[in-house]
Structure formats: C-alpha cells, structure tokens
Amino acid sequence: MRKSALRTKLLKLSEDELPQLVAAILRAMGLKTRISPKGADRGRDILASPDGLGFQEPRIKVEVKHKPNTAIGAPDLRSFITTLRER
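Residues numbered from 1 in each chain as written. Predicted model: local features only at pLDDT ≥ 70, side-chain atom pairs only at ≥ 80, totals over all residues. Heavy atoms only, no water.

Student: Please give an account of the layout of surface pockets that cites residues and values.
Tutor: The calculated volume of the largest pocket comes to roughly 350 Å³. Residue lining of the largest pocket: 16 residues in total, with Glu 15, Pro 19, Lys 38, Asp 45 and Val 64 positioned closest to the centre. Of the residues in the lining of the largest pocket, the class split is four nonpolar, four polar and eight charged. (1 Å grid on protein atoms, 1.4 Å probe; cavity = no way out; pocket = protein on both sides within 12 Å on 5 of 7 lines; lining within 4 Å. Points joined across faces, edges and corners; volume = space filled by probe spheres on them. Nonpolar A, V, L, I, M, F, W, Y, C, P; charged D, E, K, R; others polar.)

Student: Outline the pairing of strand E2 (residues 46–49), supporting the account with residue identities and numerical values.
Tutor: With four bridges joining them, strand E1 (residues 32–35) and E2 adopt antiparallel strand pairing. The partner of Arg 34 across the bridge, within E2, is Leu 47. Bridge analysis of E2 against strand E3 (residues 60–62) gives three bridges, and the strand direction is antiparallel. Looking across to E3, one finds that Leu 47 is bridged to Lys 61. (Pairing = 2+ DSSP bridges. Helix = DSSP H or I, 4+ residues; strand = E, 2+ residues; numbered from the N terminus.)

Student: Can you lay out helix H2 (residues 17–28) for me, pointing to particular residues and giving the numbers?
Tutor: The end-to-end C-alpha separation of H2 is 16 Å, in line with the 16 Å expected for twelve residues at 1.5 Å each. For H2, the set of buried residues is Leu 18, Pro 19, Ala 23 and Leu 26. Projected down its long axis, H2 carries its buried residues within an arc of 135°, all on one side. Close packing links the buried residues of H2 with E1, E2 and E3. Remark: Gly 30 follows H2 within two positions and exhibits a positive phi of approximately 95°. (Expected span 1.5 Å × (residues − 1). Buried < 20%, exposed > 50% of the residue type's maximum accessible area, 1.4 Å probe, protein only. Arc of directions from axis to C-beta. Contact = heavy atoms within 4.5 Å.)

In short, shape yes, function no, at least from these values alone.
So this is what it looks like as structure tokens:
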C-alpha cells in the first residue's frame, strides 16, 4: 500500500475508531490496553502495559488526537506533558 493510500484511510477514521486502531497496534506488540471512556480522561486516551494494570514497565500513556490536516502544536504538547506530571 502506498503511503498516500494509508494516509487517506487513516484520515477517514472517526474519533472513536482511531483510538481503537492505536490500541490494537499496542496489543499486537504484546501489551494489554485500556481505553478511557470519552470525556474527562485527563489527557490519556489509552493506557498500555505488559500486565494491563500499569504495574510493569513499560507503562505507555497515549493521547490520541484526530485533527485531519492540522498540525499538533506546542500548547497541545505542553498540556499533555503537564497531565503526565500530575500523576
């Protein structure tokens, strides 16, 4: 599949489908995932770890942004990093 075809398919995913795809990729890598319910997730859409509870390393916290044709800017990154430090 060409790069542009993959990009087109990814851009067509809904806001609900994209976190499901990212979680599926993490599961394919051998991790267990939890997807936060929509709403006040405090900047974390997916939590992934070998045990699924976050006790084992690596603990991966994922914020999924679905803004087609929009760059993620510094304010978004600062907000995510601040949220990570709060926990």
